[in-house]
Amino acid sequence: MIRTAGVLLGLTLVAGCSASSPSGAPSPSTSPSSSLSTSPPGSPAGTPAPQRVSPGDLRVDTAVAAVEHLADRVGPRPGTTPAYFRAAGWVERELEALGWQVERQRFRTPAGYSWVAQVAAGPSVNVVASRGDVRPGEPWLAVGAHLDTVPRSPGAEDNASGVGVLLAVAEAVAARQTRLPVVLVAFGSEEPRGPTDDDHHYGSRAYVDALAGPERRSLAGMVSLDRVGVGDVLPVGSPTTPSRLRAELLAAARAAGVATVAETGQRSSDHWSFVRAGLPGVRLGSTPYAGYHDVSDVPAGVDRDQLTRTGRTLLAWLR
Ligand SMILES: [Zn+2]
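Residues numbered from 1 in each chain as written. Predicted model: local features only at pLDDT ≥ 70, side-chain atom pairs only at ≥ 80, totals over all residues. Heavy atoms only, no water.

Caption draft 1: Region of interest: the coordination of the zinc ion. Within the protein, the zinc ion binds to His146 (NE2), Asp158 (OD) and Asp226 (OD); these donor distances fall in the range 2.0 to 2.3 Å. Counting along the primary sequence, the residues that act as donors to the zinc ion give the motif H-x11-D-x67-D. Taken as a pair, histidine 146 in strand 5 (residues 140-146) and aspartate 226 in the loop between strand 7 (219-225) and strand 8 (234-238) lie far apart in primary sequence, 80 residues in all. Residue histidine 146 shares its accessibility class with aspartate 226, and that shared class is buried. (Donors = N, O, S within 2.8 Å, 3.2 Å for Na, K, Ca; no water. Helix = DSSP H or I, 4+ residues; strand = E, 2+ residues; numbered from the N terminus. Buried < 20%, exposed > 50% of the residue type's maximum accessible area, 1.4 Å probe, protein only.)

Caption draft 2: Structural context of helix 9 (residues 304-318). An ideal rise of 1.5 Å per residue puts 21 Å on 15 residues; helix 9 measures up with 21 Å between its terminal C-alpha atoms. Considered for burial, the residues of helix 9 that qualify are Gln306, Leu307, Thr310, Gly311, Thr313, Leu314, Leu315, Ala316, Trp317 and Leu318. Residue aspartate 303 occupies the N-cap position of helix 9, its side-chain oxygen lying 2.9 Å from the main-chain nitrogen of aspartate 305. (Expected span 1.5 Å × (residues − 1). Polar contact = N/O pair within 3.5 Å; in protein donor to acceptor, adjacent residues only side chain to side chain.)

Caption draft 3: Examining the nonpolar core more closely. Core analysis: the largest hydrophobic core is formed by 62 residues, its most contacted members being Leu95, Trp100, Leu225 and Trp317. Looking at which element gives the most residues to this core, the answer is helix 4 (residues 156-173), with 11 residues. Setting aside chain neighbours within four positions, we find tryptophan 317 in contact with Leu141, Ala142, Val143, Arg179, Gly221, Val223, Leu245, Glu248, Leu249 and Ala252. Counting residues in each nonpolar core, the second largest holds 14 residues, with Val128, Val208, Phe274 and Leu279 among its members. (Core = buried A, V, L, I, M, F, W, Y, C linked by side-chain atoms within 4.5 Å. Contact = heavy atoms within 4.5 Å.)

Caption draft 4: Seen up close, the packing of helix 4 against helix 9. Contact geometry for helix 4 and helix 9: axes closest at 10 Å, N-to-C directions at 45°. Here helix 4 lies oblique to helix 9, going by the angle between them. Once helix 4 is placed against helix 9, the crossing between them reads as right-handed. Residues Ser161, Val165, Val169, Ala172 and Val173 of helix 4 pack against Leu307, Thr310, Gly311, Leu314, Leu315 and Leu318 of helix 9. (Axes fitted to C-alpha atoms, helices over the stretch in contact; angles between N-to-C directions. Parallel < 35°, antiparallel > 145°, perpendicular 65-115°, else oblique. Left-handed = near helix turned anticlockwise from the far one by under 90°.)

Caption draft 5: The arrangement of helix 4 in detail. Taking 1.5 Å per residue as the helical rise, helix 4 with its 18 residues ought to reach 26 Å, and the 24 Å between its terminal C-alpha atoms agrees with that figure. Judged by how many residues are buried, helix 4 sits mostly within the fold: 17 of 18 residues are covered.

Caption draft 6: How the structure looks around the sheet that holds strand 9 (residues 260-264). What the 8 strands build is an open sheet, ordered 1-4-6-5-7-10-8-9; its pairing is mixed. Only two strands of the sheet have a single neighbouring strand rather than two, namely strand 1 (101-109) and strand 9. This sheet shows a mean twist of 25° between the axes of neighbouring strands, independent of strand direction. Note that strand 8 and strand 10 (residues 281-284) share 2 bridges and pair antiparallel. Residue valine 236 lies in a different strand from strand 10, and its bridge partner there is leucine 284. The strands touched by helix 3 (residues 82-97) are strand 1, strand 4 (122-130) and strand 6 (182-187); relative to strand 4, the strand with the most contacts, the crossing angle is about 10°. (Pairing = 2+ DSSP bridges.)

Caption draft 7: Up close: the packing of aromatic side chains. Applying the stated criterion across every chain yields a total of 6 aromatic pairs. Centre to centre, the rings of tyrosine 289 and tyrosine 292 are 6.2 Å apart; their planes meet at 75°, and the pair counts as edge-to-face. Taken together, the ring pairs in this structure connect Trp115, Tyr289 and Tyr292 into an aromatic cluster. (Phe/Tyr/Trp six-rings, centres within 6.5 Å; stacked < 30°, edge-to-face > 60°.)

Caption draft 8: Spatial organisation of the pattern of salt bridges. Under the counting rule described, the total for this entry stands at 10 salt bridges. The salt bridge partner of arginine 176 is aspartate 57, with a shortest N-O separation of 3.2 Å. With arginine 176 in the loop between helix 4 and strand 6 and aspartate 57 in the loop between helix 1 (7-12) and helix 2 (60-74), this pair connects stretches of sequence that are 119 residues apart. Look at arginine 176 and you get partly exposed, because its relative accessible area is 23%. Notably, a salt bridge pairs aspartate 61 with arginine 304, separated by 2.7 Å at the nearest N-O pair. A residue pair is termed long-range when its members are at least 10 positions apart, and aspartate 61 in helix 2 and arginine 304 in helix 9 qualify at 243 residues. Among the residues examined, arginine 304 registers a relative accessible area of 38% and is labelled partly exposed. Here the salt bridges do not stand alone but share partners, grouping Arg179, Arg244 and Glu248 into one network. (Salt bridge = Lys/Arg side-chain N within 4 Å of Asp/Glu carboxyl O.)

Next up, the structure:
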């Protein structure tokens, strides 16, 4: 694993840590990631600044391959199961191979009834990736996608599609500039384990709970990618009232040439954990489909054009 500054991660991953404050400087024992500091191909010597990312940098094949791997090779992966940990290990390796600094954030998930079956309590993990450039108190962006499924579903659309776009975005921005530092998170245990608002979104709530005050106050926006491979317009959803962040995403979609539908009252994904805590959050995705939470949620139901629309919108927002 590449270990560099990891300022945000250092704060994020030690739940309850409040005493020590990072200096913002890399620790002497670490080395920078070479893949993040190289010039883009063709840059003249002496101009090390990477190019700004653009929607055209998205490689949708990366997202499609992730959908196939997670749904076909791993299969159903409730957040506390061995299959979930296999999926988390795979995502971790993919992100590290792209040059991201990756950490696991552990949290507990209670037992409960998840859609069609009882599931056991146990530990789960969020897979958290950064480029080591987040500084306490300075603006940053987060993009997340839940990696778990309900018990019987291979979860191609819900939500290998979101994780696939997350990985394609990780690839596109790995050696390029974004307008602000960005953190990517594959969340565990998003799916429900009971009927109330406190019976789901365990991974994202653990992530928000562990954010220190300066990170919390400076988070400029969080986008949840959840069911982003069905339909031909892109849903952009706010939990409560129309928000500045939703307007940003709608503008980014326009800039990327993507048709959208704006939703209000959208609380059914990890962005809600952020908004509940007073932070800006929006969901991309949610178009209804026949295979929802079913054995029939397989890769054939996921449309690469909709994955492309989602990824291009996100890159336009990060640009
Ligand atoms: Zn979902």
